[in-house]
Amino acid sequence: MLVVRLVERRDIDALIALAAQAVPRLTNLPEWREGLEARIESTRASLEREIATPGDEVYMFSLEDTVAGRLVGTATLRAQAGSGQAYYTYRRETMIHASPGLGLRQEVDVLSFSHEISTATQLCALAVAPEYRDDLEAVALLRRARLAFIKQHPQRFAHWCAVAFAGVLDARGRSPFWESVGRHFFDRDFAEINFHAGRRAKSFVAEMMPQLPLYEELLTPEAREVIGETHVAHRHARQAMLDEGFKPGRHIDIFDAGPVLTARAQRLRTVAESRGCTLAPGEPGPDAPCALVARSGLDDFRVVSAPAVLDPDGGAHLGASARRALGMESGGRLQLVPPRSTVEER
(Lines give C-alpha, C1' and ligand atoms only; values in the text may rest on other atoms or scores of the structure.)
Protein backbone atom coordinates (compact mmCIF):
# COMPACT_ATOMS: atom_id res chain seq x y z
CA MET A 1 0.00 0.00 0.00
CA LEU A 2 1.08 3.57 -0.65
CA VAL A 3 1.20 5.87 2.37
CA VAL A 4 2.25 9.51 2.75
CA ARG A 5 4.02 10.53 5.98
CA LEU A 6 6.34 13.24 7.22
CA VAL A 7 9.95 12.85 6.13
CA GLU A 8 12.43 11.01 8.34
CA ARG A 9 16.21 11.13 8.48
CA ARG A 10 16.45 7.60 7.07
CA ASP A 11 14.91 8.88 3.80
CA ILE A 12 17.94 10.91 2.72
CA ASP A 13 19.44 8.54 0.12
CA ALA A 14 16.07 7.98 -1.55
CA LEU A 15 15.43 11.73 -1.64
CA ILE A 16 18.74 12.34 -3.39
CA ALA A 17 17.79 9.73 -5.99
CA LEU A 18 14.38 11.36 -6.53
CA ALA A 19 16.02 14.76 -6.98
CA ALA A 20 18.39 13.33 -9.58
CA GLN A 21 15.52 11.71 -11.51
CA ALA A 22 13.17 14.72 -11.60
CA VAL A 23 12.18 15.91 -15.10
CA PRO A 24 12.95 18.73 -15.47
CA ARG A 25 15.27 19.31 -12.52
CA LEU A 26 13.40 21.08 -9.73
CA THR A 27 14.76 24.26 -8.17
CA ASN A 28 13.13 23.34 -4.87
CA LEU A 29 14.49 19.79 -4.87
CA PRO A 30 18.22 20.05 -5.53
CA GLU A 31 20.38 16.95 -5.91
CA TRP A 32 22.39 18.09 -2.92
CA ARG A 33 22.78 16.01 0.24
CA GLU A 34 23.55 18.92 2.55
CA GLY A 35 20.53 20.88 1.37
CA LEU A 36 18.15 17.92 1.63
CA GLU A 37 19.48 17.01 5.06
CA ALA A 38 18.83 20.60 6.12
CA ARG A 39 15.25 20.35 4.87
CA ILE A 40 14.70 17.17 6.85
CA GLU A 41 16.02 18.88 9.97
CA SER A 42 13.87 21.93 9.28
CA THR A 43 10.83 19.66 9.03
CA ARG A 44 11.62 17.97 12.35
CA ALA A 45 12.17 21.36 14.00
CA SER A 46 8.95 22.78 12.53
CA LEU A 47 6.95 19.88 13.97
CA GLU A 48 8.27 20.63 17.45
CA ARG A 49 7.21 24.29 17.42
CA GLU A 50 4.05 25.73 18.89
CA ILE A 51 2.67 27.77 15.99
CA ALA A 52 0.27 30.69 16.23
CA THR A 53 1.01 32.19 12.82
CA PRO A 54 3.03 30.80 9.89
CA GLY A 55 6.70 31.69 9.50
CA ASP A 56 9.75 29.95 8.09
CA GLU A 57 8.48 26.41 8.80
CA VAL A 58 9.03 23.66 6.24
CA TYR A 59 7.15 20.36 6.03
CA MET A 60 8.58 17.69 3.76
CA PHE A 61 6.55 14.57 2.99
CA SER A 62 7.53 11.11 1.80
CA LEU A 63 5.48 8.68 -0.29
CA GLU A 64 6.28 5.13 0.75
CA ASP A 65 5.35 1.88 -0.96
CA THR A 66 4.93 -0.43 2.01
CA VAL A 67 4.84 -3.56 -0.16
CA ALA A 68 8.08 -2.73 -1.98
CA GLY A 69 9.55 -1.32 1.22
CA ARG A 70 10.89 1.83 -0.40
CA LEU A 71 10.36 5.56 -0.65
CA VAL A 72 8.98 6.45 -4.08
CA GLY A 73 8.00 10.12 -3.87
CA THR A 74 8.30 13.39 -2.01
CA ALA A 75 6.64 16.80 -1.79
CA THR A 76 7.05 19.90 0.39
CA LEU A 77 5.03 22.66 2.02
CA ARG A 78 6.65 25.98 2.90
CA ALA A 79 4.50 27.81 5.44
CA GLN A 80 5.46 31.09 3.76
CA ALA A 81 7.12 31.09 0.36
CA GLY A 82 9.26 34.13 1.17
CA SER A 83 9.80 33.96 4.91
CA GLY A 84 13.20 35.47 5.66
CA GLN A 85 13.91 36.25 2.00
CA ALA A 86 11.45 37.44 -0.61
CA TYR A 87 10.01 35.04 -3.16
CA TYR A 88 10.25 36.88 -6.46
CA THR A 89 8.08 36.50 -9.53
CA TYR A 90 7.24 38.60 -12.55
CA ARG A 91 3.71 39.99 -12.57
CA ARG A 92 2.12 40.51 -15.97
CA GLU A 93 0.48 43.91 -16.28
CA THR A 94 -0.94 46.12 -19.00
CA MET A 95 0.21 49.71 -19.37
CA ILE A 96 -1.65 52.27 -21.45
CA HIS A 97 0.24 54.80 -23.54
CA ALA A 98 -2.01 57.56 -24.86
CA SER A 99 -1.68 60.84 -26.66
CA PRO A 100 -5.04 62.67 -26.71
CA GLY A 101 -3.57 65.31 -28.99
CA LEU A 102 -2.71 62.73 -31.64
CA GLY A 103 -5.72 60.55 -30.89
CA LEU A 104 -3.48 57.58 -30.12
CA ARG A 105 -3.95 54.92 -27.46
CA GLN A 106 -1.81 51.80 -27.12
CA GLU A 107 -2.05 48.98 -24.56
CA VAL A 108 1.33 47.40 -23.82
CA ASP A 109 2.02 44.19 -21.85
CA VAL A 110 4.83 44.47 -19.29
CA LEU A 111 6.50 42.26 -16.68
CA SER A 112 6.99 43.85 -13.25
CA PHE A 113 9.24 42.51 -10.51
CA SER A 114 7.04 41.35 -7.61
CA HIS A 115 7.29 39.68 -4.21
CA GLU A 116 3.53 39.42 -3.55
CA ILE A 117 3.70 35.62 -3.41
CA SER A 118 6.10 35.80 -0.45
CA THR A 119 3.29 35.60 2.11
CA ALA A 120 1.54 32.59 0.53
CA THR A 121 2.00 28.99 1.60
CA GLN A 122 3.98 27.31 -1.17
CA LEU A 123 3.37 23.80 -2.47
CA CYS A 124 6.59 22.68 -4.11
CA ALA A 125 9.22 19.99 -4.76
CA LEU A 126 6.86 17.20 -5.81
CA ALA A 127 8.70 14.31 -7.42
CA VAL A 128 8.07 10.59 -7.83
CA ALA A 129 10.25 7.71 -8.97
CA PRO A 130 10.12 7.19 -12.77
CA GLU A 131 8.19 3.93 -12.55
CA TYR A 132 5.41 5.66 -10.56
CA ARG A 133 4.91 8.70 -12.80
CA ASP A 134 2.10 7.04 -14.72
CA ASP A 135 0.40 5.91 -11.50
CA LEU A 136 -2.17 8.71 -11.31
CA GLU A 137 -3.52 7.57 -7.95
CA ALA A 138 -0.05 7.57 -6.40
CA VAL A 139 0.75 11.05 -7.64
CA ALA A 140 -2.67 12.37 -6.60
CA LEU A 141 -2.22 10.90 -3.12
CA LEU A 142 1.07 12.71 -2.65
CA ARG A 143 -0.26 15.96 -4.04
CA ARG A 144 -3.44 16.00 -1.98
CA ALA A 145 -1.85 14.76 1.26
CA ARG A 146 -0.29 18.21 1.69
CA LEU A 147 -3.74 19.79 1.53
CA ALA A 148 -5.05 17.34 4.10
CA PHE A 149 -2.20 18.46 6.38
CA ILE A 150 -3.20 22.11 5.85
CA LYS A 151 -6.78 21.22 6.75
CA GLN A 152 -5.70 19.63 10.02
CA HIS A 153 -3.31 22.42 11.03
CA PRO A 154 -4.63 25.69 9.54
CA GLN A 155 -2.79 27.90 12.07
CA ARG A 156 0.51 26.72 10.59
CA PHE A 157 -0.27 28.03 7.11
CA ALA A 158 -1.27 31.18 5.26
CA HIS A 159 -4.84 31.82 4.16
CA TRP A 160 -3.80 31.44 0.54
CA CYS A 161 -1.56 29.00 -1.30
CA ALA A 162 0.64 29.14 -4.38
CA VAL A 163 2.13 26.50 -6.64
CA ALA A 164 4.60 27.16 -9.47
CA PHE A 165 5.11 24.94 -12.49
CA ALA A 166 8.20 24.51 -14.61
CA GLY A 167 8.22 26.55 -17.80
CA VAL A 168 8.91 25.50 -21.37
CA LEU A 169 12.38 24.31 -22.36
CA ASP A 170 13.63 23.61 -25.86
CA ALA A 171 15.07 20.33 -27.14
CA ARG A 172 18.50 21.24 -25.71
CA GLY A 173 17.10 22.04 -22.27
CA ARG A 174 17.35 25.80 -22.72
CA SER A 175 14.69 28.24 -21.57
CA PRO A 176 13.68 30.68 -24.35
CA PHE A 177 12.58 33.14 -21.69
CA TRP A 178 15.89 32.95 -19.84
CA GLU A 179 17.82 33.40 -23.07
CA SER A 180 15.84 36.58 -23.80
CA VAL A 181 15.90 38.06 -20.28
CA GLY A 182 18.09 36.52 -17.59
CA ARG A 183 21.15 35.75 -19.67
CA HIS A 184 21.73 39.46 -20.33
CA PHE A 185 22.23 40.06 -16.61
CA PHE A 186 23.86 36.82 -15.44
CA ASP A 187 25.71 35.45 -18.48
CA ARG A 188 24.90 31.92 -17.28
CA ASP A 189 22.99 29.04 -18.87
CA PHE A 190 19.51 28.29 -17.53
CA ALA A 191 20.59 24.92 -16.12
CA GLU A 192 23.47 26.53 -14.23
CA ILE A 193 21.38 29.33 -12.75
CA ASN A 194 18.66 26.85 -11.80
CA PHE A 195 21.29 24.73 -10.06
CA HIS A 196 22.50 27.72 -8.03
CA ALA A 197 18.93 28.73 -7.21
CA GLY A 198 18.43 25.30 -5.66
CA ARG A 199 21.30 25.98 -3.25
CA ARG A 200 20.44 29.59 -2.50
CA ALA A 201 17.25 31.59 -2.09
CA LYS A 202 16.02 33.08 -5.36
CA SER A 203 16.38 36.51 -3.79
CA PHE A 204 19.93 36.67 -5.18
CA VAL A 205 18.25 37.40 -8.51
CA ALA A 206 17.11 40.76 -7.15
CA GLU A 207 20.75 41.81 -6.94
CA MET A 208 21.18 41.49 -10.70
CA MET A 209 17.82 41.60 -12.49
CA PRO A 210 16.37 44.94 -13.67
CA GLN A 211 13.90 46.52 -11.25
CA LEU A 212 11.99 48.45 -13.93
CA PRO A 213 9.16 46.82 -15.92
CA LEU A 214 10.12 44.77 -18.97
CA TYR A 215 8.11 45.41 -22.12
CA GLU A 216 7.06 42.06 -23.58
CA GLU A 217 7.21 43.50 -27.10
CA LEU A 218 10.98 43.91 -26.69
CA LEU A 219 11.52 40.22 -25.90
CA THR A 220 12.23 37.63 -28.57
CA PRO A 221 9.20 35.96 -30.19
CA GLU A 222 10.34 32.64 -28.70
CA ALA A 223 10.35 34.13 -25.19
CA ARG A 224 6.97 35.80 -25.57
CA GLU A 225 5.45 32.55 -26.80
CA VAL A 226 6.32 30.63 -23.60
CA ILE A 227 5.27 33.22 -21.00
CA GLY A 228 2.88 31.50 -18.62
CA GLU A 229 3.18 28.15 -20.41
CA THR A 230 3.93 24.87 -18.63
CA HIS A 231 6.65 22.29 -19.33
CA VAL A 232 5.15 19.35 -21.22
CA ALA A 233 5.99 16.96 -18.35
CA HIS A 234 3.93 19.03 -15.90
CA ARG A 235 0.84 19.93 -17.91
CA HIS A 236 -1.19 17.11 -16.40
CA ALA A 237 -0.18 18.27 -12.91
CA ARG A 238 -1.20 21.83 -13.69
CA GLN A 239 -4.63 20.65 -14.83
CA ALA A 240 -4.98 18.62 -11.63
CA MET A 241 -4.29 21.72 -9.55
CA LEU A 242 -6.85 23.68 -11.56
CA ASP A 243 -9.35 20.91 -10.84
CA GLU A 244 -8.43 21.21 -7.16
CA GLY A 245 -9.42 24.87 -7.21
CA PHE A 246 -6.22 26.77 -7.96
CA LYS A 247 -6.61 29.69 -10.33
CA PRO A 248 -4.26 31.02 -13.00
CA GLY A 249 -3.12 34.57 -12.42
CA ARG A 250 -0.63 37.20 -13.49
CA HIS A 251 2.46 35.76 -11.80
CA ILE A 252 5.18 33.80 -13.61
CA ASP A 253 8.55 32.37 -12.64
CA ILE A 254 11.47 34.78 -12.99
CA PHE A 255 13.70 32.16 -14.63
CA ASP A 256 11.63 30.22 -17.16
CA ALA A 257 8.27 32.12 -17.13
CA GLY A 258 6.35 29.05 -15.92
CA PRO A 259 2.91 29.79 -14.42
CA VAL A 260 2.21 30.40 -10.74
CA LEU A 261 -1.29 29.37 -9.60
CA THR A 262 -2.91 30.65 -6.41
CA ALA A 263 -5.98 29.88 -4.30
CA ARG A 264 -7.57 30.49 -0.94
CA ALA A 265 -6.65 27.43 1.13
CA GLN A 266 -10.14 26.84 2.49
CA ARG A 267 -11.62 26.86 -1.02
CA LEU A 268 -9.48 24.03 -2.33
CA ARG A 269 -11.55 20.90 -2.84
CA THR A 270 -9.51 18.56 -0.65
CA VAL A 271 -9.66 21.09 2.18
CA ALA A 272 -13.30 22.08 1.75
CA GLU A 273 -14.63 18.52 1.35
CA SER A 274 -12.64 17.02 4.21
CA ARG A 275 -14.55 15.88 7.28
CA GLY A 276 -13.47 14.63 10.68
CA CYS A 277 -14.66 11.21 11.85
CA THR A 278 -13.84 8.28 14.13
CA LEU A 279 -12.41 4.97 13.01
CA ALA A 280 -15.16 2.43 13.59
CA PRO A 281 -14.94 -1.38 13.78
CA GLY A 282 -15.83 -3.39 10.72
CA GLU A 283 -14.76 -3.70 7.10
CA PRO A 284 -16.07 -1.28 4.43
CA GLY A 285 -17.26 -4.03 2.08
CA PRO A 286 -16.01 -5.10 -1.37
CA ASP A 287 -17.81 -2.38 -3.32
CA ALA A 288 -16.78 0.55 -1.14
CA PRO A 289 -15.31 3.49 -3.11
CA CYS A 290 -11.80 4.76 -2.38
CA ALA A 291 -11.44 7.90 -0.28
CA LEU A 292 -8.52 9.97 0.89
CA VAL A 293 -8.02 9.02 4.54
CA ALA A 294 -5.65 10.84 6.89
CA ARG A 295 -4.71 10.05 10.45
CA SER A 296 -5.27 13.07 12.67
CA GLY A 297 -2.01 14.22 14.19
CA LEU A 298 1.19 16.12 13.65
CA ASP A 299 4.37 14.05 13.69
CA ASP A 300 2.29 10.86 13.29
CA PHE A 301 0.34 12.25 10.31
CA ARG A 302 -0.35 9.55 7.70
CA VAL A 303 -2.46 9.50 4.52
CA VAL A 304 -3.70 6.65 2.33
CA SER A 305 -6.19 6.17 -0.45
CA ALA A 306 -8.38 3.23 0.49
CA PRO A 307 -11.94 1.86 0.33
CA ALA A 308 -13.97 3.53 3.06
CA VAL A 309 -17.56 3.81 4.22
CA LEU A 310 -18.84 6.62 6.43
CA ASP A 311 -21.86 5.73 8.57
CA PRO A 312 -24.55 8.23 9.71
CA ASP A 313 -22.99 8.44 13.19
CA GLY A 314 -19.67 9.77 11.87
CA GLY A 315 -17.83 6.47 12.01
CA ALA A 316 -15.47 5.48 9.20
CA HIS A 317 -14.98 1.83 8.27
CA LEU A 318 -11.59 0.89 6.78
CA GLY A 319 -9.95 -2.35 5.74
CA ALA A 320 -7.15 -3.99 7.72
CA SER A 321 -4.39 -2.91 5.33
CA ALA A 322 -5.43 0.75 5.57
CA ARG A 323 -5.58 0.53 9.37
CA ARG A 324 -2.07 -0.89 9.46
CA ALA A 325 -0.72 1.75 7.09
CA LEU A 326 -2.23 4.50 9.22
CA GLY A 327 -1.18 2.80 12.47
CA MET A 328 -4.69 3.22 13.87
CA GLU A 329 -7.14 1.29 16.00
CA SER A 330 -10.89 1.71 16.40
CA GLY A 331 -11.80 4.91 18.19
CA GLY A 332 -8.97 6.96 16.73
CA ARG A 333 -9.71 10.26 15.00
CA LEU A 334 -9.16 10.58 11.30
CA GLN A 335 -9.93 12.86 8.39
CA LEU A 336 -11.79 11.60 5.34
CA VAL A 337 -12.24 13.18 1.93
CA PRO A 338 -15.02 11.37 0.04
CA PRO A 339 -14.34 10.17 -3.50
CA ARG A 340 -15.14 12.51 -6.35
CA SER A 341 -15.34 12.35 -10.11
CA THR A 342 -12.78 14.77 -11.55
CA VAL A 343 -10.07 14.80 -14.16
CA GLU A 344 -7.35 12.56 -12.79
CA GLU A 345 -4.24 13.99 -11.54
CA ARG A 346 2.82 15.86 -11.18
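Everything below is about the structure printed above this text.
Each chain carries its own residue numbering, running from 1 in the written order of its sequence. Residue-level local features of this predicted model are given only where pLDDT is at least 70; pairs of side-chain atoms are given and counted only at 80 or more, and the full residue set underlies all totals for whole chains, interfaces and linings. Just so you know, side-chain values use all the structure's heavy atoms and leave hydrogens and water out.

(A) Summary view of helix H3 (residues 136-152). Taking 1.5 Å of rise per residue, the 17 residues of H3 would be expected to cover 24 Å, and the 24 Å separating its terminal C-alpha atoms lies within 8% of that figure. Of all the bends in H3, the greatest, near 25°, is centred on Arg144. Buried residues dominate H3, accounting for 14 of its 17 residues. Each helix corresponds to a stretch of at least 4 residues labelled H or I by DSSP, and each strand to a stretch of at least 2 residues labelled E; elements are numbered beginning at the N terminus. A helix is expected to span 1.5 Å multiplied by its residue count minus one. Two axes are fitted around each residue, one to the seven residues ending there and one to the seven starting there, and the angle between them is reported as the bend at that residue. The classification of residues rests on relative accessible area computed with a 1.4 Å probe and restricted to protein chains. Under 20% of the type maximum is buried, over 50% is exposed, and intermediate values are partly exposed.

(B) Summary view of the side chain of Thr74. Positionally, Thr74 belongs in strand E3 (residues 70-78). Classification of Thr74 by relative accessible area gives buried; the value is 0%. What qualifies as a polar contact is a pair of N or O atoms within 3.5 Å, subject to a donor-acceptor requirement within protein and to the restriction that residues adjacent in sequence count only when both atoms come from side chains. Here the side chain of Thr74 touches Phe61 through a polar contact of 2.8 Å, landing on its backbone oxygen. Here Thr74 is in contact with Leu15, Leu18, Leu29, Met60, Phe61, Ala125, Leu126, Ala127 and Leu142, once residues within four sequence places are set aside. It only takes one pair of heavy atoms within 4.5 Å for two residues to be counted as in contact.

(C) Seen up close, the pairing of strand E5 (residues 104-114). When DSSP finds two or more bridges between a pair of strands, those strands are recorded as paired. Here eleven bridges tie strand E4 (residues 89-99) to E5, and the two strands are oriented antiparallel to one another. Each bridged residue has a counterpart across the sheet, and for Tyr90 the counterpart in E5 is Phe113. Where E4 folds back on E5, the antiparallel hairpin that results is connected by four residues, among which Gly103 adopts a positive phi of roughly 70°. Sheet analysis places E5 next to strand E8 (residues 214-215), joined by two bridges and oriented antiparallel. Looking across to E8, one finds that Leu111 is bridged to Leu214.

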